Amino acid sequence: AQRVTQPEKLLSVFKGAPVELKCNYSYSGSPELFWYVQYSRQRLQLLLRHISRESIKGFTADLNKGETSFHLKKPFAQEEDSAMYYCALSQMNRDDKIIFGKGTRLHILP
Amino acid sequence: EAGVAQSPRYKIIEKRQSVAFWCNPISGHATLYWYQQILGQGPKLLIQFQNNGVVDDSQLPKDRFSAERLKGVDSTLKIQPAKLEDSAVYLCASSLGGGRSYEQYFGPGTRLTVT
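Residues numbered from 1 in each chain as written. Chains lettered and ligands numbered in written order. Predicted model: local features only at pLDDT ≥ 70, side-chain atom pairs only at ≥ 80, totals over all residues. Heavy atoms only, no water.

K.L.:
Is there a simple way to explain the interface of chain B and chain A in this structure?
P.N.:
How big an interface is tends to be stated in terms of the accessible area lost upon association of its parts. Contacts between the two partners involve 26 residues from chain B and, on the opposite side, 20 residues from chain A. Across the interface of chain B and chain A, roughly 1,800 Å² is buried in total on both sides, 45% from carbon and sulfur atoms. Notably, a salt bridge pairs Lys97 of chain A with Asp56 of chain B, separated by 2.9 Å at the nearest N-O pair. For the pair chain B and chain A, the interface holds 5 residue pairs in polar contact (both at pLDDT 80 or more). At the level of elements, β4 (31–37) and β5 (44–50) of chain B are the ones that each hand at least two residues to the side of chain B that touches chain A. No other element matches β4 of chain B, which puts 4 residues into the side of chain B that touches chain A. (Contact = heavy atoms within 4.5 Å. Buried area = accessible area lost by both parts, 1.4 Å probe. Salt bridge = Lys/Arg side-chain N within 4 Å of Asp/Glu carboxyl O. Polar contact = N/O pair within 3.5 Å; in protein donor to acceptor, adjacent residues only side chain to side chain. Helix = DSSP H or I, 4+ residues; strand = E, 2+ residues; numbered from the N terminus.)

Written out as structure tokens, the structure is:
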């Protein structure tokens with residue numbers, strides 16, 4: 001069965017420190033992985049997807065099929081990064097259906 | 001471009017009452033989704049439409065929930081009768097669709113409280 005696990009409900013990091021939000025998945029086929037973000041009082045929105053291999057707002061995420069992980073990283077945290085982050089999985093080129101993890105709240109300390 | 005619109009933004013009802021939510025997706029988006037997000041959890045897909053056809057409704061509690069997208073554009077989600085455990089944020093999202101895992105665009109959500 002498809003499953004996305006985000007082990008941390010809350011992650012507190014000092015401004016300027018590195019950030020790593022963990023995501024592990026369970027899926028037998030070819031997955032497409034995403035990170036969605038929800039800032040305070042804003043809509044849920046796409047942050048990045050693994051096939052794009054982009055860095056968005058300083059964040060990167062590498063798909064590790066051996067470890068079935070898609071951790072989100074940023075070398076230097078900024079206060080505006082405080083938000084709720086959701087890892088999500090979709091079947092490649094099928095159905096457009098996405099399964100979300102439970103989310104991790106990132107709190108950047110001044 | 002205009003984003004996904006949802007109404008109402010907030011709704012408080014008593015258990016056993018009925019409620020309906022409305023969603024207008026981004027123009028040209030073929031796929032429309034309804035999610036339920038209970039406090040402390042990620043969004044859970046209730047139903048997915050491709051144009052006016054249902055692609056996936058495996059997690060929709062069909063004894064009390066119904067949804068339609070008659071003209072392939074806007075959609076309504078109804079709960080009848082509501083239970084306490086239906087208290088959640090109901091999110092609507094849309095995407096270009098076509099089986100290519102396009103980005104989903106979310107509406108602001110409707111916060112439902114059942115008392």
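Still more to cover.
K.L.:
Is there a simple way to explain the sheet that holds strand β1 (residues 5–7) of chain B in this structure?
P.N.:
Within a sheet, each strand pairs with its neighbour through backbone hydrogen bonds, oriented either parallel or antiparallel. Residue and element names in this part refer to chain B. Ordered in space as β1-β3-β8-β7, the 4 strands form an open sheet in which the pairing is antiparallel. Of all the strands in the sheet, just β1 and β7 (65–68) have a single pairing partner and so form its edges. Going from strand to strand, the sheet's axes swing by 15° on average, the running direction of each strand aside. Pairing between β1 and strand β3 (residues 19–24): 3 bridges, direction antiparallel. Directly across from Ala5, in β3, lies its bridge partner Asn24. (Pairing = 2+ DSSP bridges. Axes fitted to C-alpha atoms, helices over the stretch in contact; angles between N-to-C directions.)

K.L.:
Honestly, the environment of Thr113 of chain B in this entry has me stumped. Any pointers?
P.N.:
All names here are of chain B. Mapped onto the secondary structure, Thr113 falls in strand β11 (residues 110–114). Owing to a relative accessible area of 32%, Thr113 belongs among the partly exposed residues under this scheme. Considering only alpha carbons, one finds Thr113 and Thr76, 37 residues apart in sequence, at a separation of 18 Å. (Buried < 20%, exposed > 50% of the residue type's maximum accessible area, 1.4 Å probe, protein only.)

K.L.:
What is the right way to read the layout of surface pockets from this model?
P.N.:
Any empty space left between atoms is shown by rolling a water-sized probe over those atoms. In this structure, the largest pocket spans a volume of roughly 840 Å³. Residue assignment for the lining of the largest pocket shows that the elements contributing at least two residues are β9 (83–91) of chain A together with β9 (88–95) and β11 of chain B. If one sorts the elements of the lining of the largest pocket by residue count, β11 of chain B sits on top with 4 residues. Each residue belonging to the lining of the largest pocket can be placed in one class, and the counts come to 12 nonpolar, 12 polar and 6 charged. When its volume is computed, the second largest pocket comes out at roughly 230 Å³. Lining the second largest pocket are 13 residues; nearest its centre among them are Ile99 and Phe100 of chain A together with Pro43, Lys44 and Gln59 of chain B. Looking at the lining of the second largest pocket, the elements that each hand over two or more residues are β1 (3–5) and β10 (98–100) of chain A together with β5 of chain B. With 3 residues, β10 of chain A is the largest single contributor of residues to the lining of the second largest pocket. Tallied by class, the residues present in the lining of the second largest pocket amount to 6 nonpolar, 3 polar and 4 charged. (1 Å grid on protein atoms, 1.4 Å probe; cavity = no way out; pocket = protein on both sides within 12 Å on 5 of 7 lines; lining within 4 Å. Points joined across faces, edges and corners; volume = space filled by probe spheres on them. Nonpolar A, V, L, I, M, F, W, Y, C, P; charged D, E, K, R; others polar.)

K.L.:
Before we go on, may I ask you to explain the sheet that holds strand β7 (residues 60–61) of chain A in this structure?
P.N.:
Residues and elements named next belong to chain A. One open sheet holds the 3 strands; their spatial order is β3-β8-β7, and the pairing between them is antiparallel. With partners counted over all chains shown, the strands left at the sheet margins are β3 (19–21) and β7, one partner each. Bridge analysis of β7 against strand β8 (residues 72–74) gives 2 bridges, and the strand direction is antiparallel. Bridge pairing links Thr60 to Lys73 in β8.

K.L.:
Honestly, the packing of aromatic side chains in this entry has me stumped. Any pointers?
P.N.:
Note on aromatic pairs: each is described by the distance of the centres and the angle between the planes. The final tally for this structure, using the stated rule, is 11 aromatic pairs over all chains. Aromatic side chains Phe34 of chain A and Tyr36 of chain A sit 6.2 Å apart centroid to centroid with 45° between the ring planes, which places their arrangement in the tilted category. Like Phe34 of chain A, the residue Tyr36 of chain A is buried in the burial classification. Between Tyr35 of chain B and Phe106 of chain B the ring centres are 5.6 Å apart and the planes differ by 40°, which places this aromatic pair in the tilted class. With a gap of 71 residues between them, Tyr35 of chain B in strand β4 and Phe106 of chain B in strand β10 (residues 105–106) connect regions that are remote in the sequence. (Phe/Tyr/Trp six-rings, centres within 6.5 Å; stacked < 30°, edge-to-face > 60°.)

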